[in-house]
Amino acid sequence: MDKLQIFRGELLHCLADPADVGDDNSYEYFQDGLMIVKSGLVEAIGPALELLPKLPAGVSITHYTKSLIVPGFIDCHLHYPQTEMIASYGEQLLEWLETYTFPTEREFGDPGKASDVAEFFFDELMRNGTTSALVFGTVHKQSVDAFFTAAQKRRLRMICGKVLMDRNAPAYLTDTPESGYLDSKELAERWHGVDRLRYAITPRFAPTSSDEQLALAGKLLMEYPDLYLHTHLAENISEVEWVKDLFPDRSGYLDVYAHHGLLTKRSVFAHCLHLSDDEFRLMHESGAGIAFCPTSNLFLGSGLFNLANAENQKVKVGLATDVGAGTSFSLLQTISDLYKTQQLRNHRLSPFKSLYLATLGGAHTLDLDELIGNFLPGKEADFVVLDCEATPLIARRLWRSKNLTEKLFALQMLGDDRVVKHVHIMGEEVYRRK
Ligand code: GUN
Ligand code: ZN
């Protein structure tokens, strides 16, 4: 029998990118809304008074008051093995990797460690209302098995991959072009398309992969064209200079990846702070996407992403925490820093654009927008109930807000895990704030 679930409350979801259709046409909002979920998928959404009479007699309704129900947040780039090293002091990217990241990732050769951190990581995602993500493992294939095993048990839609890294890293953390290729292929065959899971071929970034390794990553992508490609690109000035030295025959950083066939509509590049206009154009033409990581970019002093440029050149962008360089698992906190980075660029972000980047825009960037990202009929019912009275200050601020725009903006600037009251996966409640 199909399971029927009914949720009533203030419902908000995005329909399109505000950059394309304007704020007012970018979302749908029901102050007293009803969402009907059948076997984990959205069946219908609309005004409660319109839909209530159509329900079967006696069906039970979950009514969420004083809250805003939005689609689950989508984190387009983060590293689960870096969970315990979040907030590591003092360095910029390349020194940060050497000092903190590589020694931490070494521990994931132990499958017990990997499972323990994976479980904690998913608990943390749920506490923050993040229901889907594109995630780095480590170079160890057990790290990815541990991740997917935990995600599968929780019925989450997740993408992950084993890191490819065959040079410019400690010997204890490197693979070879051949072993990286074979391990990735084995993992992809084991996990890609199983339940809600998908596999991403994951070279760490150009400096830690030889041309041979990147060529084999391209070969694997050619053999399995529906896999993802997930890596870092143009995050830090010293990194960009290093790539020029390491790949003198390439016209730029993006060309290193393009040359090896790594640019597809399922390619996601984290950061992209230091790209030329030509590189933005190539991103657009290939359909590849960008994971914008505001808290990480500020924390590592990497730079300010040019969102207006991405909008003008019609490049897909999703929001990301980039934990452990990012300083929070919360996409609400990430939105708050997102807004500030764009203020520093004189680019005024509307709260609807921010919501888009954290939900439907993320889904689009991950080529998952047929499945998640909003509440259109047929989508998987992953959603978050945000508490409009989570703290005394939030309650006071929201009581004064005159309209939805003001309310949503204040929630984004002041909100974090404290406002996440309930999280539902495929309709089922999986987290309830204590
Ligand atoms: N570039 C290469 N590796 C990493 C990483 O682990 N984090 C970040 N932020 N950038 C990277
Ligand atoms: Zn990263």
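Refer to the structure presented above.
The residue numbering used here restarts from 1 in each chain and proceeds along that chain's sequence as written. As a convention, the first chain written is A and the first ligand written is 1, with the rest following in written order. Reporting of local features is limited, given that this is a predicted model, to residues whose pLDDT is at least 70; pairs of side-chain atoms are given and counted only at 80 or more, and all residues count toward the totals for whole chains, interfaces and linings. Excluding hydrogens and water, the side-chain values take into account all heavy atoms of the structure.

## Notes on unusual backbone geometry
Cis geometry is found at the peptide bond from Val-323 to Gly-324, where omega equals 5°. Relative to the helices and strands, Gly-324 resides in the loop between strand E13 (316-319) and helix H13 (331-343). You will see that Ser-39, though not glycine, has its phi angle at about 50°, which is positive. A helix here means a DSSP run of H or I that spans at least four residues, while a strand means a run of E at least two residues long, and both kinds are numbered starting from the N terminus. Inspection of the secondary structure assignment puts Ser-39 in the loop between strand E2 (27-38) and strand E3 (41-47). Throughout this description, buried means an accessible area under 20% of the type-specific maximum (1.4 Å probe, protein chains only), exposed means over 50%, and partly exposed covers the range between. Its relative accessible area of 40% is what places Ser-39 among the partly exposed residues. At Asp-322, a residue that is not glycine, the phi angle is positive and equals roughly 55°. Looking at where Asp-322 falls in the secondary structure, it is placed in the loop between E13 and H13.

## Here's the deal with helix H16 (residues 392-400)
For H16, every residue scored as buried is listed here: Ile-394, Ala-395 and Leu-398. For H16, the angular spread of the buried residues around the axis is 100°, confining them to a single face. Turned more than 90 degrees away from the buried face of H16 sit Pro-392, Leu-393, Arg-396, Trp-399 and Arg-400, all of them exposed. Contacts were defined at the residue level, with two residues in contact if any of their heavy atoms lie within 4.5 Å. The secondary structure elements touched by the buried residues of H16 are helix H17 (404-414). The arc refers to the directions leading from the helix axis to the C-beta atoms.

## Here we look at the sheet that holds E3
Ordered by their spatial adjacency, 7 strands build an open sheet running E3-E2-E1-E4-E14-E15-E16, and the pairing between neighbours is mixed. Lying at the two open borders of the sheet, with one neighbouring strand each, are E3 and strand E16 (428-432). Strand-to-strand twist across the sheet, computed as the mean angle between neighbouring axes with direction ignored, equals 35°. What makes two strands pair is DSSP finding at least two bridges between them. In this structure, E2 lies alongside E3, joined through 6 bridges in antiparallel fashion. Residue pairing in the sheet places Ile-36 in a bridge with Ala-44 of E3. On top of the sheet, helix H14 (residues 351-358) reaches strand E1 (4-14), E2 and strand E4 (61-71); it is set at about 130° to E1, its chief contact. Angles shown run from 0 to 180 degrees and are taken between the N-to-C directions of axes, each axis being a line fitted to C-alpha atoms and, for helices, limited to the stretch in contact. Taken strand by strand, H17 contacts E1, E2, E4 and strand E14 (383-387), and its axis lies near 95° from that of E1.

## What about the environment of Tyr-181?
Here Tyr-181 is to be found in helix H6 (residues 177-191). Measuring from C-alpha to C-alpha, the distance between Tyr-181 and Ala-234 comes to 24 Å, with 53 residues separating the pair along the chain. Aside from chain neighbours lying at most four places away, what touches Tyr-181 is Leu-216, Lys-219, Leu-220 and Glu-223. Contacts described as polar in this section are N or O atom pairs within 3.5 Å, which, within protein, must combine one atom able to donate a hydrogen with one able to accept it, while residues neighboring in sequence count only if both atoms come from side chains. Polar contacts involving the side chain of Tyr-181 include one to the side chain of Glu-223, which spans 2.6 Å.

## Remarks on the pattern of salt bridges
Criterion for a salt bridge: a side-chain nitrogen of Lys or Arg within 4 Å of a carboxyl oxygen of Asp or Glu. Per the counting criterion, the structure on display carries 35 salt bridges. We note a salt bridge from Glu-124 to Arg-127, for which the minimum N-O separation is 3.1 Å. Remark: Arg-127 and Glu-124 occur in helix H4 (residues 111-127); sequence separation between them is 3 residues, near one turn of the helix. Given the relative accessible area of 14%, Glu-124 is considered buried. Accessibility expressed as a relative area gives 29% for Arg-127, which makes it partly exposed. With a closest N to O distance of 2.8 Å, Arg-157 and Glu-380 form a salt bridge. Here Glu-380 lies in the loop between helix H15 (360-365) and E14 and Arg-157 lies in strand E7 (residues 157-161), a separation of 223 residues in the sequence. What makes Arg-157 buried here is its relative accessible area of 8%. When salt bridges with common partners are traced through the structure, they connect Lys-141, Asp-145, Asp-183, Glu-186 and Arg-190 into a single cluster.

Worth remembering: the numbers are spatial, not functional.
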